[in-house]
Amino acid sequence: MNTSSGWFVGTCTNATISISANLLLVIHGMSGGTIYGELGLSGELGGGGPFHGTINDGTIVFTTCLPANQTVIEWCAELSENKISGTYSVTSDNRK
């Protein structure tokens, strides 16, 4: 990705429980391998909000945080042919 801003639209799926949501990744800027922006999810999955991370050789690693739920989501994706695909993991101190 050679621009300092942009966006991607797609689907985010939790394969474990077979739930999907629409995903919007808005990139506000990139500098020196750092990427930041806003992640939006609509549907039954949560975890959207501001994100920050890194991009290196087409691999994007970023996090979103939900402080009210004591939750951090780490996203890891590959950018290829203007498409993003990858995985995410959820860490939470909230036992609910």
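The coordinates are above.
Attention in this report is confined to the structure presented alongside it.

The rules behind the values
Residues numbered from 1 in each chain as written. Predicted model: local features only at pLDDT ≥ 70, side-chain atom pairs only at ≥ 80, totals over all residues. Heavy atoms only, no water. Helix = DSSP H or I, 4+ residues; strand = E, 2+ residues; numbered from the N terminus. Rg over C-alpha atoms; globule rule 2.2 N^0.38 Å. Buried < 20%, exposed > 50% of the residue type's maximum accessible area, 1.4 Å probe, protein only. Contact = heavy atoms within 4.5 Å.

## What to know about the overall build of the chain
Helix and strand counts for the chain come out as 0 helices and 7 strands. When the helices and strands of the chain are listed from N to C terminus, the series reads β-β-β-β-β-β-β. Relative to the 2.2 N^0.38 estimate, which gives 12 Å for 96 residues, the radius of gyration of the chain is 13 Å and therefore close to what a compact globule would have. In terms of overall dimensions, the chain has a C-alpha envelope of 40 × 25 × 20 Å along the principal axes. Of all 96 residues assigned to the chain, the portion counted as buried reaches 30%. Residue pairs in contact within the chain that sit at least 24 positions apart in sequence constitute 22% of those at least 6 positions apart.

## Description of unusual backbone geometry
With a phi close to 55°, Ser18 is a non-glycine residue in the positive phi region. Assignment of secondary structure puts Ser18 in the loop between β1 (6–14) and β2 (19–31). The backbone of Asp57 shows a phi angle near 50°, a positive value even though the residue is not glycine. Note on placement: Asp57 falls in the loop between β4 (49–56) and β5 (59–66). Looking at Asp57, the relative accessible area reads 74%, which means it is exposed.

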